[in-house]
Structures are given as C-alpha cells and as structure tokens.
Amino acid sequence: MPMSDNDVVLKPKTKTKPKVDRPKLYKIILVNDDYTPREFVIMVLKAVFRMSEETGYRVMMTAHKLGTCVVMVCARDIAETKAQEAIDLAKSGGFPLMFTTEPEE
Ligand code: TYC
C-alpha cells in the first residue's frame, strides 16, 4: 500500500543546538585593613558602588569583622574598572584600602 498523506514519518533528531556559554561573572571584593577609617570605606562604597549609607555601613562592617566582603557581582570589564576606581580613590585619600576581583565558580 502506498504511503498516504496521513502517515507521519518521525525522523530521529540529529542536530544538536550549539550551547553558547555565557561569560563568567566576577566578584568585586572589599578587603579589610587596620588603617583605613571606617567612614572613608563607607564614602568609597557610596561614591563608586552607589550604595546607601546603611548598605555601605553593613558591607564595611562585614569586611571589618570577617576580613573580606563581596561588594558587587558583574561582568569582568566592569568589575576591573570599578575596583580600580575604588583603589584610586583610596590612594588619593592616602589609605591602603584594597579591592580585588575574582571569577565566580
Ligand atoms: N578595619 C578598619 C578600621 O578599623 C576599617 C575597615 C573596614 C577598613 C573595612 C577596610 O575593608 C575595610 N579602621
């Protein structure tokens, strides 16, 4: 019997969609030190990362107590630019305040 229009032939799927892996996100990390005044750290967090006084205080205190605190997670170029901006602001204030960046897992 010839195949009628109603017979649907299912072919096995042979093509696989190429998975485009999205670029890694980077963490900007605030590092504690013994010399930078608390108020100055909060000022930098407000100026560079647009944090409120409240958030700035909490992030600063987290780094103060634990040693480090994640400030922001973003694309690599933004992370590096922001961290450098914050380090430069600290330098111009004469403080050793440090920010680092690292890729997320
Ligand atoms: N530890 C500093 C002090 O007691 C304050 C401080 C907090 C400095 C967080 C850096 O990332 C920092 N004056």
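As shown above, the structure is provided for reference.
Let us look at the structure shown here.

Thresholds applied
Every chain is numbered independently, its residues counted from 1 as its sequence is written. The predicted nature of this model means local features are confined to residues of pLDDT at least 70 and side-chain atom pairs, given and counted, to a pLDDT of 80 or more, with totals for whole chains, interfaces and linings taken over all residues. Computation of side-chain values: all heavy atoms of the structure, hydrogens and water removed. The numbering of helices and of strands both runs from the N terminus, where a helix is a DSSP run of H or I of at least 4 residues and a strand a run of E of at least 2. Each residue is tested against the molecule or strand, and it is near if at least one of its non-hydrogen atoms lies within 4 Å. Definition of a polar contact: a pair of N or O atoms within 3.5 Å, with one able to donate and the other able to accept a hydrogen when the atoms are protein atoms, and with sequence-neighbouring residues admitted only if both atoms are side-chain atoms. Accessibility throughout is a Shrake-Rupley quantity obtained with a 1.4 Å probe, and a residue counts as covered only by protein chains that appear here. Each residue receives one of three labels: charged for Asp, Glu, Lys and Arg, nonpolar for Ala, Val, Leu, Ile, Met, Phe, Trp, Tyr, Cys and Pro, and polar for the others, Gly being one of them. Salt bridges are counted wherever a side-chain nitrogen of Lys or Arg sits within 4 Å of a carboxyl oxygen of Asp or Glu. Burial classes follow relative accessibility: with a 1.4 Å probe on protein chains only, a residue under 20% of its type's maximum area counts as buried, one over 50% as exposed, and anything between as partly exposed.

**Quick notes on unusual backbone geometry**
One non-glycine residue, Arg50, adopts positive backbone phi at about 55°. For Arg50, the location among the structural elements is in the loop between helix H1 (38-49) and helix H2 (53-66).

**Some remarks on the site of the ligand**
Neighbouring residues of the ligand: Leu30, Val31, Asn32, Asp33, Thr36, Arg38, Val41, Met60, Ala63, His64 and Leu97. One nitrogen or oxygen atom from the side chain of Asn32 is found 2.8 Å from a nitrogen atom belonging to the ligand. A distance of 2.9 Å is found between a nitrogen atom of the ligand and a side-chain nitrogen or oxygen belonging to His64. Burial of the ligand by the protein amounts to 88% of the accessible area it has alone, namely 340 Å². If you list the elements that add at least two residues to the shell around the ligand, you get strand E1 (25-31), H1 and H2. Top contributing element to the shell around the ligand by residue count: H2, with three residues. Of the residues belonging to the shell around the ligand, the class tally is six nonpolar, three polar and two charged.

**Quick word on the pattern of salt bridges**
Counted according to the given criterion, the structure contains four salt bridges. In this structure, Lys27 and Glu102 form a salt bridge, with 3.3 Å as the shortest nitrogen-oxygen distance. Highlighted residues: Lys27 in strand E1 and Glu102 in strand E3 (residues 98-103), separated in sequence by 75 residues. Take Glu102: its relative accessible area is 33%, and that puts it in the partly exposed class. A salt bridge links Glu53 to Lys46; its shortest N-O distance comes to 2.6 Å. Taking the relative accessible area as the measure of exposure, Glu53 reaches 38% and is therefore partly exposed.

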